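# What the coordinates show
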Amino acid sequence: MERKTDEVMPEKTWRVVSHYGIEVLLRSAEGEEKRAPVDRRASLVVGDEVVWQSNGLQQRPRVRALQRRDRRGRIRTVASNLSAMGVVVAPRPRTPDAFIDRAIVGARAVDIEPFFVANKSDLGDGVALIDHLRGQWPGVEPVLSVSAVEGYGLDAFRRWLGNGARAVFVGVSGVGKSSLMNALLGDLELAVGEINPQTELGRHVTTNATLHCLPEGGELIDTPGFRDFGPVAISAGDLAAYFPGFEGALAERCHYRDCRHRTEPHCSVLEAVKAGQIRTDRHAAYMALQDELAQVDRERR
Ligand SMILES: Nc1nc2c(ncn2[C@@H]2O[C@H](COP(=O)(O)OP(=O)(O)OP(=O)(O)O)[C@@H](O)[C@H]2O)c(=O)[nH]1
Ligand SMILES: [Mg+2]
């Protein structure tokens, strides 16, 4: 059928799949790729959708962007248009529990589903790590046990991602995020680096985020390792709704609607702590993070 001349062609949408500072790599839904120059100050991140217009690239509205506050208090957008966030951990280097709490809270606050990827299962202490994850964050599912080096668990990972998720990997340097991407994709050659044998810390090998499509379905974003995951746009009063482990207790109502779950009478969270359903160290971690957010709230005023 002949197209009417006044019919408006839908604009083609491109996704940012890599960002090189002065240039981005874009990919269309059909798999076509092209590079485009961008202003250094342009705020595009991997995962963003753009359209070409006569005056340059125009960004489509961004949803479900994962953000973090770095140690200098600057807000960083990790990636956007996400459905899931895989927290990659390993027996070595260890990941601080506070990092994991902050990552989970940051994701849940913008409707991104967190899950765990326990890498390096070939190292002897993989089982202890999984027990720790399940004990500390029982509501975070799935916990996928994998080994990038031995190929263990990769099929289960592909099956899980194949439901159409766009997931970002986050984790401290050296846990094997890029190694996992390489193992899952076969033809990828992302740089990986040995961890320091003395400190057991990674060497910050990956320097920019990149998005990759898996042949079995789903998309995965590799990111540079970072340790600071200060929550963004979550007030101290909202924290409990996102804090991992409080879900069951919050299903019961507290006496006060604006209960902060610290010392208030008839508080469902404190009752769950007393009954042993929430561990005291988890409640202490909640209060520490709440103090930090209250400080940010005060500075913002
Ligand atoms: N034993 C073992 N070592 C692994 C595994 N996966 C990765 N490694 C090693 O861990 C080290 C760090 O791997 P990378 O993939 O560079 O880690 P990364 O998380 O991408 O690190 P950054 O890019 O610095 O954030 C390398 O020496 C890898 O060979 C694994 O499954 N088992
Ligand atoms: Mg890497």
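Residues numbered from 1 in each chain as written. Chains lettered and ligands numbered in written order. Predicted model: local features only at pLDDT ≥ 70, side-chain atom pairs only at ≥ 80, totals over all residues. Heavy atoms only, no water.

### Some points on the environment of Pro96
Take Pro96: it is sitting in the loop between strand E8 (84–89) and helix H1 (97–108). Note: C-alpha distance between Pro96 and Arg227 (131 residues apart in sequence) is 8.5 Å. Beyond its immediate stretch of four places on either side in the chain, Pro96 contacts Val172 and Arg227. (Helix = DSSP H or I, 4+ residues; strand = E, 2+ residues; numbered from the N terminus. Contact = heavy atoms within 4.5 Å.)

### Re the coordination of the magnesium ion (ligand 2)
Those donors, Ser178 (OG) and Thr206 (OG1), are the protein atoms that reach the magnesium ion (ligand 2), and they lie 2.0 to 2.1 Å from it. One end of the pair, Ser178, is in helix H4 (residues 177–185); the other, Thr206, is in the loop between H4 and strand E12 (210–213), and 28 residues separate them in sequence. Thr206 carries the same exposure label as Ser178, and that label is buried. (Donors = N, O, S within 2.8 Å, 3.2 Å for Na, K, Ca; no water. Buried < 20%, exposed > 50% of the residue type's maximum accessible area, 1.4 Å probe, protein only.)

### Details of the site of ligand 1
Taken together, the neighbourhood of ligand 1 is formed by 22 residues, with Asp122, Ser173, Lys177, Ser179 and Thr206 sitting nearest. Measuring from an oxygen atom of ligand 1, one finds a side-chain N or O atom of Lys177 at 2.8 Å. The protein chains hide 90% of the 660 Å² of surface that ligand 1 would expose on its own. Per-class residue counts for the shell around ligand 1 are seven nonpolar, eleven polar and four charged. (Near = heavy atom within 4 Å. Polar contact = N/O pair within 3.5 Å; in protein donor to acceptor, adjacent residues only side chain to side chain. Areas by Shrake-Rupley, 256 points an atom, 1.4 Å probe, with all protein chains shown as cover. Nonpolar A, V, L, I, M, F, W, Y, C, P; charged D, E, K, R; others polar.)

### So, the packing of aromatic side chains
A full pass over the atoms with the stated rule returns ten aromatic pairs. With a centroid separation of 4.2 Å and 45° between ring planes, the pair formed by Phe115 and Trp160 is classed as tilted. Remark: Trp160 occurs in helix H3 (residues 154–161) and Phe115 occurs in strand E9 (residues 113–118); sequence separation between them is 45 residues. With relative accessibility at 24%, the residue Trp160 sits in the partly exposed group. Aromatic pair Phe116 and Trp137: ring centres 5.6 Å apart, planes at 55°, arrangement tilted. Taken together, the residues span a long stretch of sequence, with Phe116 in strand E9 and Trp137 in the loop between helix H2 (126–136) and strand E10 (143–145) at a distance of 21 residues. Comparing Phe116 with Trp137, the two get one shared label, buried. (Phe/Tyr/Trp six-rings, centres within 6.5 Å; stacked < 30°, edge-to-face > 60°.)

### Considering the environment of Val168
As for its position among the elements, Val168 is in strand E11 (residues 166–170). On the accessibility criterion, Val168 (0% relative accessible area) is buried. Along the sequence, Val168 and Gly217 sit 49 residues apart, while their C-alpha atoms lie 15 Å from each other.

### Here we look at the domain arrangement of the protein
Each assigned domain of the protein is listed with its residue range as follows: domain 1 (13–59), domain 2 (66–222) and domain 3 (239–300). Centre-to-centre separation of domain 1 and domain 3, based on C-alpha positions: 41 Å. (Domains from an automatic or database assignment.)

### Thoughts on the pairing of strand E5 (residues 56–59)
Two strands pair when backbone bridges link them, and strand E4 (residues 49–53) and E5 are joined in this way by four bridges, in the antiparallel orientation. Bridge pairing links Gln53 to Gly56 in E5. What sits between the antiparallel neighbours E4 and E5 is a turn of two residues. (Pairing = 2+ DSSP bridges.)

### So, the side chain of Arg27
By the element assignment, Arg27 lies in strand E2 (residues 23–28). Separated by 2.8 Å, the side chains of Arg27 and Glu33 make a polar contact. When residues no more than four places from it in sequence are discounted, the contact partners of Arg27 are Trp14, Arg15, Val17, Glu32, Glu33, Leu211, His212 and Cys213.

### Section: H2
Within H2 the residues assigned to the buried category are Gly126, Leu129, Ile130, Leu133 and Gln136. Along the axis of H2, the buried positions cluster into a sector of 145°, meaning they face one direction only. Across from the buried face of H2, at angles greater than 90 degrees, the exposed residues are Val127 and Asp131. Buried residues along H2 sit in contact with E8, H1, E9, E10 and helix H8 (280–300). (Arc of directions from axis to C-beta.)

### As for the environment of Tyr286
Here Tyr286 is to be found in helix H8. Residue Tyr286 is classed as buried on the basis of its relative accessible area of 1%. In sequence terms Tyr286 and Arg227 are 59 residues apart; their C-alpha atoms lie 18 Å from each other. Those residues in contact with Tyr286 that sit more than four places away from it in its chain are Leu239, Ala240, Phe243, Phe246, Arg260 and His261.

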